[in-house]
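Fold and contact review
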Amino acid sequence: MSVQIRRIAVNTGGGDAPGLNAVIRAVVLAGEELGWEVYGIEGSYDGLFLEDGVSRLDRMAVRGITHLGGTILGTTNRGNPLRWPVTQSDGTVSYEDRSDQVIRALADRGIDALVAIGGDGSLAIAHELFQKGLKVVGVPKTIDNDLAATNLTFGFQTAVETATDAIDRLHSTAQAHQRVMVVEVMGRNAGWLALFSGVAGTADVILIPEIPYDIEAVREKIESRYHIGRRGFAMVVVAEGAYPKGGQPHFKRRDGGQVRLGGIGEEVAAEINQLTGRETRTMVLGHLQRGGSPNAYDRLLSLRFGAAAVNLIRDACFGCMVALDPPDVLAVPLGQAISRVKTVPLESDVIHTARSLGICLGD
Ligand code: F6P
């Protein structure tokens, strides 16, 4: 089946990830190849409610952006249009569903279909808008790699590389001082980033949300590192969503009352120091992992995803997301992609590799 398309829009929602600009460029170029006009919406859906928040993106507008980090359209992980905060006269905040306004704002601009680039939150919004009649397709983005129905999200491989590079650098200073270095990495409630960067960066201990840890097992592994040769040191990689057996993940309150994972690295370091007496330091990699240029793998994946998303629109495959099913990029229903958090399977090869290498996973 095909539909008459003249004009499409693209937006980027949620936390940024390396590769967003490459997807945007591919959407523009592939759209133009089909004779369509492509428009960019600023700040996720926010631009739809601004005078100048939607602009034409042509070949020239996306020239030289493939390798750039961030997003030329801007993004936000606040202000969900389906739960839009409205401050009442008495100062209280209530929430309204602006989905009809979103759909109308697109129709008023003559936009026939939308490419929504995002993680689980943004794609859940896209899914709801699809159910309300919007012609939308999704592109899976997140450094966390926690979206179901795709083997990989773009941005993940670059973040693994950034984290691995940081772990390498921290190795030499840990070794010089014979310290225990605890590195906290992102990933929300999935351990992909910690596991992959930890194994690649030859960590001694890797703690992930999928395996609640026993601090005694961690202590034993660290002590063993000081008993092989003279100048012992240890490298511990902790996912921000990791937590002890019988415990809970750590949350931090941020500006505006928003709550985010964080703080487990400090806690693990304090416990290690108390139990072993070893000098211990903590490093939270934080948003460093989201910044910078996408690596070649992510650039290619992003370009493939962007071009494939345009083809989904051409083929009227709305309500779908492009997904990597190696070696192919194919379409999966958005509902399937957001149905669950994709965590690391305990029987996966990288978990087995870590165990074979003697890495302590906290159990
Ligand atoms: O989902 C990507 C991610 O970077 C997570 O790994 C992290 O927990 C979260 O976003 C941080 O979000 P914020 O940009 O609000 O600090």
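Residues numbered from 1 in each chain as written. Predicted model: local features only at pLDDT ≥ 70, side-chain atom pairs only at ≥ 80, totals over all residues. Heavy atoms only, no water.

A short note on the sheet that holds strand 13 (residues 280-284)
Definition in use: Think of it this way: DSSP has to see at least two bridges between two strands before they count as a pair. Numbering of helices and strands runs from the N terminus, with a helix taken as a DSSP run of H or I at least four residues long and a strand as a DSSP run of E at least two residues long. A fitted line through C-alpha atoms serves as each axis, taken over the contacting stretch for helices, and the angle formed by two N-to-C directions is quoted from 0 to 180°. We call two residues contacting when some pair of their heavy atoms lies within 4.5 Å.
The four strands lie next to each other as 9-10-8-13, forming an open sheet whose pairing is parallel. Since the sheet does not close on itself, it has two edges, and those belong to strand 9 (205-207) and strand 13, each with one partner. Going across the sheet, the axis of each strand differs from the next one's by a mean of 15 degrees, ignoring polarity. Sheet analysis places strand 8 (residues 180-185) next to strand 13, joined by five bridges and oriented parallel. In the sheet register, Glu184 faces strand 13, and the bridge partner there is Val284. Strands strand 8, strand 9 and strand 10 (234-239) of the sheet are contacted by helix 6 (residues 215-225), whose axis makes an angle of about 160 degrees with strand 9. Together, strand 8, strand 9, strand 10 and strand 13 form the strand contacts of helix 7 (residues 264-276), whose direction differs from that of strand 8 by roughly 160 degrees.

Comments concerning the site of the ligand
This is how it is decided: Whether a residue is near a molecule or strand is decided by its heavy atoms; if any one of them lies within 4 Å of it, the residue is near. Pairs of N or O atoms within 3.5 Å make up the polar contacts considered here, provided that, within protein, one atom can donate a hydrogen while the other can accept it, and that residues adjacent in sequence are counted only when both atoms are side-chain atoms. Areas reported here follow the Shrake-Rupley algorithm with a probe of radius 1.4 Å; residue values treat only the protein chains shown as occluding. Each residue gets one label: Ala, Val, Leu, Ile, Met, Phe, Trp, Tyr, Cys and Pro are nonpolar, Asp, Glu, Lys and Arg are charged, and the others, such as Gly, are polar. Where each domain starts and ends follows an automatic or database-derived domain assignment.
Around the ligand sit Asn77, Ile143, Asp144, Met186, Gly187, Arg188, Glu240, Arg254, Arg260, His287 and Arg290, and those are all the residues in its vicinity. Here an oxygen atom of the ligand and a side-chain polar atom of Asp144 are 2.6 Å apart. For the ligand, an oxygen atom lies 2.8 Å from a polar atom in the side chain of Arg290. In the complex, 86% of the free accessible area of the ligand, which totals 410 Å², lies under the protein chains. Considered class by class, the residues forming the shell around the ligand number two nonpolar, three polar and six charged. Three or more residues apiece are contributed to the shell around the ligand by two domains, here domain 1 (7-154 + 294-337) and domain 2 (159-291).

Let's talk about the packing of aromatic side chains
The condition is simple: By convention, a stacked pair of Phe, Tyr or Trp rings (six-membered ring in the case of Trp) has centres within 6.5 Å and planes under 30 degrees apart, an edge-to-face pair has planes over 60 apart, and any other such pair is tilted. Summary of the burial criterion: residues with accessible area below 20% of their type's maximum are buried, those above 50% are exposed, and those between are partly exposed, where the area comes from a 1.4 Å probe applied to protein chains only. Only when the NZ atom of a Lys or the CZ atom of an Arg is both within 6 Å of the ring centre and within 35 degrees of the ring normal do we say a charge sits over the ring.
Applying the stated criterion across every chain, the model contains three aromatic pairs. For the ring pair Phe49 and Trp84, a centre distance of 6.0 Å and an interplane angle of 55 degrees mean the geometry is tilted. In this pair, Phe49 sits in the loop between strand 2 (37-41) and strand 3 (54-57) while Trp84 sits in strand 4 (residues 84-87), placing the two residues 35 residues apart along the sequence. Judged by relative accessible area, which is 19%, Trp84 ranks as buried. In textbook terms, an aromatic cluster arises when at least three aromatic residues are bridged by ring pairs, as seen for Phe156, Trp192 and Phe196. In this arrangement the basic side chain of Arg225 is found over the ring face of Phe233, its NZ or CZ atom lying 5.1 Å from the centre. In this arrangement the basic side chain of Lys342 is found over the ring face of Trp192, its NZ or CZ atom lying 5.4 Å from the centre.

As for the domain arrangement of the chain
This is how the line gets drawn: Buried area is a sum: the accessible area each of two parts loses on coming together, probed at 1.4 Å, counted once for each and added. Salt bridges are defined as contacts in which a side-chain nitrogen from Lys or Arg sits within 4 Å of a carboxyl oxygen from Asp or Glu.
In terms of domains, the chain is made up of domain 1 (7-154 + 294-337) and domain 2 (159-291). Spacing between the C-alpha centres of domain 1 and domain 2 amounts to 33 Å. Each partner contributes residues to the interface: domain 1 has 12 residues there, and domain 2 has 14 residues. Regarding the contact of domain 1 and domain 2, the summed buried area is about 1200 Å², with carbon and sulfur atoms giving 41% of it. The interface formed by domain 1 and domain 2 contains four salt bridges. Of the charged contacts in the structure, one is a salt bridge between Arg188 and Asp146, with a shortest N-O distance of 2.8 Å. Across the contact surface, domain 1 and domain 2 share seven residue pairs in polar contact (both at pLDDT 80 or more). Counted by class, the side of domain 1 that touches domain 2 contains three nonpolar, four polar and five charged residues.

Observations concerning the nonpolar core
Selection criterion: To qualify as a nonpolar core, a set must consist of buried Ala, Val, Leu, Ile, Met, Phe, Trp, Tyr and Cys residues joined through side-chain atoms within 4.5 Å.
Counting 69 residues, the largest nonpolar core has Ile8, Val115, Ile117, Val139 and Ile313 as the members making the most contacts within it. Per-domain counts for this core show at least three residues from each of domain 1 (7-154 + 294-337) and domain 2 (159-291). If we ignore the near neighbours within four places in the chain, the residues touching Ile117 are Val10, Asn11, Thr12, Gly13, Leu20, Val23, Ile24, Val139, Lys141 and Phe154.

Observations regarding the sheet that holds strand 2
Pairing is mixed across the open sheet formed by seven strands, whose spatial order is 3-2-1-6-7-14-15. Here the strands that pair on one side only, and so sit at the sheet edges, are strand 3 and strand 15 (328-333). Strand-to-strand twist across the sheet, computed as the mean angle between neighbouring axes with direction ignored, equals 30 degrees. Across the sheet, helix 3 (residues 120-131) lies against strand 6 (113-118), strand 7 (136-140) and strand 14 (320-325), angled at about 165 degrees from strand 7, the strand it touches most. Contacts from helix 8 (residues 296-314) reach strand 1 (7-12), strand 6, strand 7, strand 14 and strand 15 within the one sheet, and its direction differs from that of strand 14 by about 140 degrees.

Here's the deal with the environment of Phe196
Along the chain, the position of Phe196 falls in helix 5 (residues 192-200). Phe196 sits in the partly exposed class, given a relative accessible area of 25%. C-alpha separation for the pair Phe196 and Ala354, spaced 158 residues apart in sequence, amounts to 9.5 Å. Ignoring sequence-local partners within four residues, the contact set of Phe196 consists of Phe156, Val160 and Val350.

Re the pattern of salt bridges
Per the stated rule, a full pass over the model turns up 18 salt bridges. Salt-bridge contacts for Glu32 lead to Arg56; the nearest nitrogen and oxygen are separated by 3.8 Å. Taken together, the residues Glu32 in helix 1 (residues 20-33) and Arg56 in strand 3 connect sequence positions 24 residues apart. Residue Glu32 is classed as partly exposed on the basis of its relative accessible area of 21%. One salt bridge connects Glu32 with Arg59, and the closest N-O pair in it is separated by 3.5 Å. One end of the pair, Glu32, is in helix 1; the other, Arg59, is in the loop between strand 3 and strand 4, with 27 residues separating them in the sequence. Through salt bridges with shared partners, one network takes in Glu32, Glu33, Arg56 and Arg59.

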